[in-house]
Amino acid sequence: MKRAKKKIIDNKQPLVIPQSWQQFPNGLHLRNCVELKIKNFLEGFTGEKLLALGALAHEINLSHCKINQRIRLDWNLEPFSDLVSSPDALALESESIDLIILPLLLNYSENHHQILREAHRVLVAGGKICIVAINPWSLWAIRALIGRVRNKPLWKSQLHLQYRICDWLELLQFEVLNTAISGPIIPWKLSMNKMPEF
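The structure contained in this document is the topic of the report that follows. In this text, all values refer to a predicted model and were calculated from it rather than measured experimentally.

**A short note on the overall build of the protein chain**
Here comes step 1: The helix and strand tally for the protein chain stands at five helices and five strands.
Here comes step 2: Secondary structure of the protein chain in N-to-C order comes out as α-β-α-β-β-β-α-β-α-α.
Here comes step 3: Sequence-distant contacts, at least 24 apart, represent 63% of the contacts inside the protein chain between residues at least 6 apart.
Here comes step 4: About 12100 Å² of surface is accessible on the protein chain, with carbon and sulfur atoms providing 53% of the total.

Here it is in structure tokens:
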């Protein structure tokens, strides 16, 4: 009697990385809140090179930034990209960047530890990193959980507690200077006549 071979099914789907803030409900409002936080973070900061990682970073207005050379890096060839490279293997020299901006990149990467290691490698001594992440105790996190249950690819993000991200940074000898929470931002498209869209 022959035994049937068991099929191994991998239901794990790769994370869908948003290419625009407009893919999110109320995404432009979310982007404006992120821009304000980044503007406050950058106030008074000077340096030579800024690295903005990912497609969402490309839509952030950095005109107020006093850093002259801004490098917009993405892993896809896009018209706005200055450099095409994987965020977990940056095609940059070590100790060459003064400031790195990572909007929601850790939420949409399965390799977040390596992304932080690469950020550490390319930062100059005294350089800064600005991480924007989804608060796991927010309406956005609840929306992400609902999206996962309903198998919506955009909402299959990784949710990391703030203290966990701070721990990762401290392991890499980063000094955490400031943390901030923004909100509330409603992660649903609201209409007077119907329930929120999922």
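Back to the write-up after that little detour.
**Here we look at the environment of Trp 168**
Here comes step 1: Its place among the elements puts Trp 168 in helix H5 (residues 162–171).
Here comes step 2: Those residues in contact with Trp 168, other than ones at most four positions away along the chain, are His 112, His 113, Leu 116 and His 160.

**Remarks on the pairing of strand S2 (residues 69–74)**
Here comes step 1: Examined bridge by bridge, strand S1 (residues 49–53) and S2 share five bridges and lie parallel to one another. Note on S2: the bridge partner recorded for Leu 53 is Leu 73.
Here comes step 2: Where S2 lies against strand S3 (residues 83–84), two bridges are found, and the strand directions are parallel. The residue of S3 that forms the bridge with Asp 74 is Val 84.

**Some words on the sheet that holds strand S4 (residues 97–103)**
Here comes step 1: Read from one edge of the open sheet, five strands run S3-S2-S1-S4-S5, paired in parallel fashion. Since the sheet does not close on itself, it has two edges, and those belong to S3 and strand S5 (123–132), each with one partner.
Here comes step 2: Along the sheet face, helix H1 (residues 27–42) touches S4 and S5 and points at about 155° away from the line of S5.

**Considering the pairing of S5**
Here comes step 1: Alignment of S4 against S5, held across six bridges, turns out to be parallel. Bridging across to S5, Leu 102 finds its partner in Ile 131.
Here comes step 2: A crossover connection joins S4 to the parallel S5 through helix H3 (residues 112–122); in handedness this β-α-β unit is right-handed.

**Points about H5**
Here comes step 1: Within H5, the full set of buried residues consists of Ile 165, Cys 166, Trp 168 and Leu 169. End-on view of H5: buried residues confined to an arc of 160°, all on one side of the axis.
Here comes step 2: Where H5 is buried, its residues touch H3 and S5.

**Here's the deal with the nonpolar core**
Here comes step 1: If you look at the biggest cluster of nonpolar residues, it comprises 25 residues, and the most contacted ones within it are Trp 21, Phe 24, Ile 38, Leu 50, Leu 62 and Leu 104.
Here comes step 2: At the level of secondary structure, the elements contributing two or more residues to this core comprise H1, S1, helix H2 (55–58), S4, S5 and helix H4 (139–149).
Here comes step 3: Non-local contacts of Leu 50, meaning those with residues more than four positions away in its chain, are made with Leu 62, Cys 65, Ile 67, Gln 69, Arg 70, Ile 71, Ile 97, Leu 99 and Ile 101.
Here comes step 4: Ile 115, Ile 129, Ile 165 and Leu 169 belong to the second largest nonpolar core, which has 22 residues in total.

**Observations concerning H1**
An α-helical turn contains 3.6 residues, so a residue and the one three or four places further along point in the same direction.
Here comes step 1: End to end, H1 covers 22 Å across 16 residues, agreeing with the expected 22 Å (1.5 Å per residue, within 8%).
Here comes step 2: Considered for burial, the residues of H1 that qualify are Gly 27, Leu 30, Arg 31, Cys 33, Val 34, Glu 35, Ile 38 and Leu 42.
Here comes step 3: Buried-residue contacts for H1 involve S4, S5 and H4.
Here comes step 4: Gly 44 sits one or two positions beyond H1 and adopts a positive phi of about 85°.

**As for empty space enclosed by the protein**
Here comes step 1: As enumerated under the stated definition, the model contains one cavity of 30 Å³ or more in all.
Here comes step 2: Ile 17, Pro 18, Leu 53, Gly 54, Ala 55, Leu 56, Trp 75, Pro 103, Leu 104, Leu 105 and Tyr 108 are the residues that line the largest cavity.

**Quick look at the environment of Thr 46**
Here comes step 1: Mapped onto the elements, Thr 46 comes out in the loop between H1 and S1.
Here comes step 2: For the pair Thr 46 and Ile 67, spaced 21 residues apart in sequence, the C-alpha separation works out to 5.7 Å.

**Section: the pattern of salt bridges**
Here comes step 1: Tallied over the full model, the rule gives two salt bridges.
Here comes step 2: Measuring nitrogen to oxygen at the nearest pair gives 3.6 Å for the salt bridge that ties Arg 31 to Glu 35. One end of the pair, Arg 31, and the other, Glu 35, are both in helix H1, four residues apart, so they sit about a helical turn from each other. Each member of the pair, Arg 31 as well as Glu 35, is classed as buried.
Here comes step 3: For Arg 121, the salt bridge is made with Glu 118, and the minimal N-O distance between the two is 2.9 Å.

The rules behind each value
Residue indices follow the written sequence of each chain, beginning from 1 at its first position. The model is predicted, so local features are restricted to residues of pLDDT at least 70 and side-chain atom pairs to those at 80 or more, both for listing and for counting; the totals for chains, interfaces and linings are taken over all residues. Only hydrogens and water are set aside when side-chain values are computed; all heavy atoms of the structure are taken into account. Every helix listed is a DSSP run of H or I at least four residues long, and every strand listed is a run of E at least two residues long, numbered separately from the N terminus. A contact between two residues is defined here by any heavy atoms of the two lying within 4.5 Å. Accessible areas in this description were obtained via Shrake-Rupley with a 1.4 Å probe; residue shielding takes into account the shown protein chains only. Here, strands pair whenever DSSP counts at least two bridges between them. Where helices are involved, their axes are fitted lines through C-alpha atoms of the stretch in contact, as for all axes, and angles between N-to-C directions lie from 0 to 180°. When the strands point away from the viewer and the connection leading from the first strand across the helix to the second strand turns clockwise, the crossover is called right-handed. Here's how the labels work: a residue is buried when its accessible area is under 20% of the maximum for its type, exposed when over 50%, partly exposed in between, all with a 1.4 Å probe on protein chains only. Throughout, the arc means that of the directions going from the helix axis to the C-beta atoms. Side-chain atoms within 4.5 Å are what join buried Ala, Val, Leu, Ile, Met, Phe, Trp, Tyr and Cys residues into a set we call a nonpolar core. Expected helix span is given by 1.5 Å per residue-to-residue step, counting one fewer step than there are residues. Here the term cavity refers to a set of points on a 1 Å grid, laid over the protein atoms alone, in which a 1.4 Å probe fits but cannot get out; the term pocket refers to an open set having protein on both sides within 12 Å along at least five of seven lines, with lining residues being those that place an atom within 4 Å of a point. Grid points are joined across faces, edges and corners, and a volume is the space filled by probe spheres set on the points. A pair is scored as a salt bridge if a Lys or Arg side-chain nitrogen falls within 4 Å of a carboxyl oxygen belonging to Asp or Glu.

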